[in-house]
Amino acid sequence: MLTPIRKGSLVETAIESLRKTIESGEWPVGTRLPVEAELSEALGISRNTIREAVRVLVHVGMLETRQGDGTYVRANRDAGETLRRIARSRLAEQIEVRITLETEAARLAATRRNEADLKAMTEALDARAAAGEVIAERIRHDERFHHSLVRASHNSALIELYDYFSHAVSQTIERTEMDSDLPEPSQEAHELLLAAIRRKDADKAEALSRALLTPSLNALSGKE
């Protein structure tokens with residue numbers, strides 16, 4: 001049940017209390033929330049504070065306000081909070097998710113890519129090579145290549161999911177590029193992956209995509 005709020009930022013704490021109640025399943029998707037007066041009494045805060053907290057959760061997609069009918073639970077996860085949790089997860093876990101997404105993307109790209117896709121991936125890899133020892137530039141173009149590869153899958157759900165995960169992708173690229181203890185995926189390994197996609201060799205593309213990050217994942221097994 002809701003716990004009365006006693007300290008801290010009232011709106012932020014109210015948001016967290018409502019979010020946890022939804023995420024716990026106590027208020028399943030489709031549930032109509034208690035009216036403002038009941039929430040105000042349960043949490044020990046003003047109706048204005050409740051109204052602001054509800055407005056925030058409507059904005060992030062967890063709640064839905066229906067004119068003249070009340071406020072309903074729309075989703076049991078806050079997308080922004082999910083991203084923050086992903087960012088706090090272990091690097092090995094983030095790499096495992098990248099491998100899952102990118103190997104399937106590579107397989108699909110090998111069968112669905114078009115000339116525009118190949119051009120985008122080639123330009124990104126050429127720029128990655130030209131960046132040389134300028135790490136920030138190399139990281140930027142590395143990200144361009146992987147996003148171009150995923151777009152070449154022509155799977156809109158996979159593309160959206162990868163974009164949603166993009167902050168963690170950036171973190172893993174930065175760590176593998178800058179941490180001397182982690183194997184850095186080479187330019188040649190990226191070029192071989194692109195060549196397999198160009199040849200429409202789905203099995204090879206999947207294997208090469210997995211091989212890019214597996215050494216880093218193995219190296220982390222004893223560190224985290």
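Values in this document were obtained by computation on a predicted structure and should not be read as measured data.

Definitions and cut-offs
- Position labels on residues start from 1 in each chain and follow its written sequence.
- Only residues with pLDDT of 70 or above have their local features reported here, since the model is predicted, and side-chain atom pairs are shown and tallied only from 80 upward, although totals for entire chains, interfaces and linings are computed over all residues.
- Only hydrogens and water are removed before side-chain values are computed, so all heavy atoms of the structure are retained for them.
- Where helices and strands are cited, they refer to DSSP runs of H or I of at least four residues and of E of at least two residues respectively, numbered from the N terminus.
- Polar contacts, as counted here, are pairs of nitrogen or oxygen atoms within 3.5 Å of one another; within protein the pair requires one atom able to donate a hydrogen and one able to accept it, and residues that are adjacent in sequence qualify only if both atoms are side-chain atoms.
- Only the six-membered ring of Trp is used, alongside the rings of Phe and Tyr, when aromatic pairs are assigned; centres must lie within 6.5 Å, and planes under 30 degrees apart are stacked while those over 60 apart are edge-to-face, with the rest tilted.
- Lysine and arginine charges are scored as sitting over a ring when NZ or CZ, respectively, is within 6 Å of the ring centre and within 35 degrees of the ring normal.
- Residue burial is assigned from relative accessible area. The probe radius is 1.4 Å, only protein chains are included, and a residue is buried under 20% of its type maximum, exposed over 50%, and partly exposed in between.
- When charges are tallied, Lys and Arg are placed among the positive residues and Asp and Glu among the negative ones, while His and the ends of the chain are skipped.
- When a carboxyl oxygen of Asp or Glu lies within 4 Å of a side-chain nitrogen of Lys or Arg, that pair is called a salt bridge.
- Contact definition: two residues touch when any of their heavy atoms are within 4.5 Å.
- Between any two strands, pairing holds if DSSP finds at least two bridges.
- Every helix has an expected span of 1.5 Å times one less than the residues it contains.
- Across the chain, bend at a residue is computed as the angle between axes fitted to the seven residues ending at that point and the seven starting from it.
- For every element, the axis is a line fit to its C-alpha atoms; helices are fit only across the contacting stretch, and the angle between N-to-C directions ranges from 0 to 180 degrees.
- By the definition adopted for this analysis, an angle is roughly parallel if under 35 degrees, roughly antiparallel if over 145, roughly perpendicular if from 65 to 115, and oblique otherwise.
- Here is the rule for handedness: rotate from the far helix to the near one, and if that takes an anticlockwise turn smaller than a right angle the crossing is left-handed, while a clockwise turn gives right-handed.
- Amino acids outside the nonpolar list (Ala, Val, Leu, Ile, Met, Phe, Trp, Tyr, Cys, Pro) and the charged list (Asp, Glu, Lys, Arg) are all regarded as polar, and Gly is one of them.

Novice: Explain the environment of T214 residue by residue, including any values.
Specialist: Mapped onto the elements of the fold, T214 is located in helix α11 (residues 202–220). Along the sequence, T214 and I99 sit 115 residues apart, while their C-alpha atoms lie 8.0 Å from each other. Of the polar contacts made by the side chain of T214, one reaches the backbone oxygen of R210; its length is 2.7 Å.

Novice: Explain the packing of aromatic side chains to me, using residue names and the numbers behind them.
Specialist: Taken as a whole and judged by the stated rule, the model has zero aromatic pairs. In this structure, R66 packs its charged tip against the face of Y72, placed 3.9 Å from the ring centre.

Novice: Just give me the short version of unusual backbone geometry, but keep the residues and values in it.
Specialist: In this structure, H154 is a non-glycine residue whose phi angle is positive, near 55 degrees. In this structure, H154 sits in the loop between α7 (135–151) and α8 (156–164). For H154, a relative accessible area of 41% translates into the label partly exposed. The backbone of K200 sits at a positive phi, close to 65 degrees, despite the residue not being glycine. For K200, the location among the structural elements is in the loop between α10 (187–198) and α11.

Novice: So what about the side chain of R113? Which residues, and what values?
Specialist: Here R113 lies in the loop between α5 (91–112) and α6 (115–130). No salt bridge is formed by the buried R113; its nearest oppositely charged neighbour, E115, is found at 4.6 Å. Side-chain polar atoms of R113 contact the backbone oxygen of I197, separated by 3.0 Å. In terms of polar contacts, R113 uses its side chain to reach the backbone carbonyl oxygen of R198, at 2.7 Å. Every residue in contact with R113, bar those within four places of it in the chain, is listed here: L118, A152, I197, R198 and K200.

Novice: Account for the side chain of S170, with residues named and values stated.
Specialist: Structurally, S170 is set in helix α9 (residues 166–178). Within the structure, S170 has its side chain in polar contact with the side chain of E143 (distance 3.2 Å).

Novice: Give a description of the pairing of strand β2 (residues 70–73) that names residues and reports values.
Specialist: Bridge analysis of strand β1 (residues 63–66) against β2 gives four bridges, and the strand direction is antiparallel. Residue E64 lies in a different strand from β2, and its bridge partner there is Y72. Here β1 folds back onto β2, and the loop between the two strands holds three residues, one of which, G68, carries a positive phi near 75 degrees.

Novice: I'd like a description of α11, backed by residues and values.
Specialist: Taking 1.5 Å per residue as the helical rise, α11 with its 19 residues ought to reach 27 Å, and the 28 Å between its terminal C-alpha atoms agrees with that figure. Largest kink in α11: about 35 degrees, centred on L213, with the proline P215 one to four residues after it. Where α11 is concerned, the buried positions are A202, A205, L208, S209, L212, L213, S216, L217 and L220. Packed against the buried residues of α11 are α5, α7, α9 and α10.

Novice: Can you lay out the packing of α7 against α9 for me, pointing to particular residues and giving the numbers?
Specialist: Two elements in contact, α7 and α9, have axes separated by 10 Å at closest approach and are oriented at 135 degrees. In terms of orientation, α7 and α9 fall into the oblique class. In this structure, α7 crosses over α9, and the sense of that crossing is right-handed. Facing α7, whose interface residues are I135, R138, I139, D142, E143, H146 and H147, α9 presents S166, S170, I173, E174, E177 and M178. Across the contact of α7 with α9, the residue classes break down as four nonpolar, four polar and five charged.

Novice: I'd love a proper account of the environment of V150, names of residues and values included.
Specialist: With respect to the helices, strands and loops of the structure, V150 is situated in helix α7. Since its relative accessible area comes to 1%, V150 is described here as buried. Spatially, the C-alpha atom of V150 lies 7.6 Å from that of Y162, the residues being twelve residues apart in sequence. In this structure, V150 is in contact with A105, L158, I159 and Y162, ignoring residues within four places of it in sequence.

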